[in-house]
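Here are the chains, one letter per residue:
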Amino acid sequence: MVRRLGISVTGFIYRQKKGKSVEVEKIVEKEVEVEKIVEVEKPVEKIVEVEKIVEKIVEVEPKLKTATPDAALQLLSLLQQEARFIDFMQEDLKGFADAEIGAAARVIHEGGQKVLNEYFSFAPVRTEDEETRITLPQGFNASEVRLTGNVVGEAPFTGTLIHRGWKVTDIKLPKLAEGHDASIVAAAEVEL
């Protein structure tokens, strides 16, 4: 790098004054080119890899399937036809004697059982006998088994089987005609 600098130079001039040599100082300003090496520090880029483990708990809402109501409405319709289920459930039972309610329950039970046996096949979720001790391993299917009581920690869990549960293995609902209004689960009846 070349820099121009303004430099003051002091020079000595010898003069003679009345036969004597006299030293006279003379200041002369002179522009001088000076080459100066300037060191510039270049920043050194340092790359450091750091592995950072972050535990992040993310609550994810389960994706819900949208069910069409037609099958549920069809089942209600079948239970109404065979067991008068909706009539019974909509009735205010306060004014009836227990014997009358029991007699109605028998009709509902028989008709409801007929619908279930005709249109559905069932199997128990658990094959063990009720009231036996079972152990649920880690990773058990939580949709098949509901834990109750003092639930603490993680599987495996050991407890008493209170109810074996039910799962549907086959559905044979009748097909609905196009244009059928499934929301009419029991048509009004008019006797002529």
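Being a predicted model, the structure only gives us computed values, none of them experimental.

### Some remarks on the overall build of the protein
Okay, step 1: Counting secondary structure elements, the protein contains three helices and six strands.
Okay, step 2: Its helices and strands taken in sequence order, the protein reads β-β-α-α-α-β-β-β-β from the N to the C terminus.
Okay, step 3: Looking at the protein as a whole, 12% of its 192 residues qualify as buried.
Okay, step 4: Counted over contacts in the protein with a minimum sequence separation of 6, partners at least 24 positions apart contribute 63%.
Okay, step 5: Counting only carbon and sulfur atoms, one obtains 53% of the accessible surface of the protein, whose full area is about 17,800 Å².

### Quick notes on helix H3 (residues 98–119)
Okay, step 1: Helix length check: H3, at 22 residues, gives a terminal C-alpha distance of 31 Å against a target of 32 Å (1.5 Å per residue), a fit within 8%.
Okay, step 2: Looking at H3, one finds that the buried residues are Ile108, Gly111, Gly112, Val115 and Tyr119. One side of H3 holds all its buried residues, which, seen down the axis, span an arc of 100 degrees. Facing away from the buried side of H3 by over 90 degrees, the exposed positions are Asp98, Ala99, Arg106, His109, Glu110 and Asn117.
Okay, step 3: The inward-facing, buried residues of H3 abut helix H1 (70–83), helix H2 (85–90), strand S3 (120–124) and strand S6 (166–171).

### What about the packing of aromatic side chains?
Given two aromatic rings, one states the distance between the centres and the angle between the planes to describe the pair.
Okay, step 1: Scanning all chains against the criterion turns up three aromatic pairs.
Okay, step 2: Look at phenylalanine 120 and phenylalanine 122: their rings are 6.1 Å apart centre to centre, the planes differ by 35 degrees, and that puts the pair in the tilted class.
Okay, step 3: Here phenylalanine 122 falls in the partly exposed class, since its relative accessible area comes to 37%.
Okay, step 4: Between the aromatic rings of phenylalanine 122 and tryptophan 166, the centroid separation amounts to 6.4 Å while the plane-to-plane angle is 75 degrees, which identifies the pairing as edge-to-face.

### As for the side chain of glutamine 80
Okay, step 1: Secondary-structure assignment places glutamine 80 in helix H1.
Okay, step 2: Since its relative accessible area comes to 6%, glutamine 80 is described here as buried.
Okay, step 3: In contact with glutamine 80, not counting residues within four places along its chain, are Phe85, Ile86, Asp87, Val185 and Ala186.

### Examining the nonpolar core
Okay, step 1: Counting five residues, the largest nonpolar core is built from Leu78, Leu79, Val115, Tyr119 and Phe120.
Okay, step 2: Phenylalanine 120 has contacts with Leu75, Val115, Val168, Asp170, Ile171, Lys172 and Leu173, leaving out every residue within four places of it along the chain.

### Regarding the pattern of salt bridges
Okay, step 1: For the coordinates displayed, the defined rule picks out five salt bridges.
Okay, step 2: Close ionic contact of glutamate 189 with arginine 84 constitutes a salt bridge, the shortest N to O distance being 3.9 Å. Linking glutamate 189 in the segment after S6 with arginine 84 in the loop between H1 and H2, this pair joins segments that are 105 residues apart in sequence.
Okay, step 3: According to the relative accessible area criterion, glutamate 189 is exposed, its value standing at 70%.
Okay, step 4: Among the salt bridges present, the one from aspartate 170 reaches lysine 172, with a minimum N-O distance of 3.9 Å.
Okay, step 5: Look at lysine 172 and you get partly exposed, because its relative accessible area is 38%.

### Some details on a nonpolar patch on the surface
Okay, step 1: Taken together, the side chains of Leu116, Phe122, Trp166, Val168 and Ile171 make up a nonpolar region of the molecular surface, amounting to roughly 490 Å² of accessible area.
Okay, step 2: For the nonpolar patch, the element with the highest residue contribution is S6, accounting for three residues.
Okay, step 3: Looking at where phenylalanine 122 falls in the secondary structure, it is placed in strand S3.

### Let's talk about the confidence of the model for the protein
Okay, step 1: Within the protein, residue pLDDT values average 82, and 69% of them lie at 70 or more.
Okay, step 2: Note on residues 1–12: pLDDT under 50 across the span, and 36 contacts to partners over four residues away in sequence or across chains.

### Quick word on the environment of valine 125
Okay, step 1: For valine 125, the position within the fold is in the loop between S3 and strand S4 (133–136).
Okay, step 2: For valine 125, a relative accessible area of 15% translates into the label buried.
Okay, step 3: C-alpha of valine 125 to C-alpha of valine 168: the two residues are 43 residues apart in sequence and 9.4 Å apart in space.
Okay, step 4: If sequence neighbours within four positions are ignored, valine 125 has contacts with Glu144, Arg164, Gly165, Trp166 and Lys167.

The rules behind these values
- Each chain carries its own residue numbering, running from 1 in the written order of its sequence.
- At least 70 in pLDDT is required for a residue's local features to be given in this predicted model, at least 80 for side-chain atom pairs to be given and counted, and no such filter applies to totals for whole chains, interfaces and linings, which use all residues.
- Values shown for side chains rest on all heavy atoms present in the structure; no hydrogens or waters enter the calculation.
- Segments assigned H or I by DSSP are reported as helices when at least four residues long, segments assigned E as strands when at least two residues long, and all are numbered from the N terminus.
- The classification of residues rests on relative accessible area computed with a 1.4 Å probe and restricted to protein chains. Under 20% of the type maximum is buried, over 50% is exposed, and intermediate values are partly exposed.
- Contacts are assigned to residue pairs with any non-hydrogen atoms lying within 4.5 Å of each other.
- Surface exposure here means Shrake-Rupley accessible area, sampled with a 1.4 Å probe, where a residue is shielded only by the protein chains that are shown.
- Multiplying 1.5 Å by the residue count of a helix minus one yields the expected span of that helix.
- Summarising the geometry, the arc corresponds to the directions from the helix axis toward the C-beta atoms.
- When two rings of Phe, Tyr or Trp (its six-membered ring) have centres within 6.5 Å they constitute a pair, described as stacked for plane angles under 30 degrees, edge-to-face for angles over 60, and tilted for the intermediate range.
- Throughout, nonpolar core names a set of buried Ala, Val, Leu, Ile, Met, Phe, Trp, Tyr and Cys residues whose side chains join them through atoms within 4.5 Å.
- Every case where a carboxyl oxygen of Asp or Glu lies within 4 Å of a side-chain nitrogen of Lys or Arg is listed as a salt bridge.
- Patch construction takes residues with relative accessible area above 30% that form no salt bridge. Like charges are linked within 9 Å, and nonpolar side chains (Val, Leu, Ile, Met, Phe, Trp, Tyr) are linked within 5 Å.
- Along the chain, pLDDT gives the predictor's confidence residue by residue, from 0 to 100.

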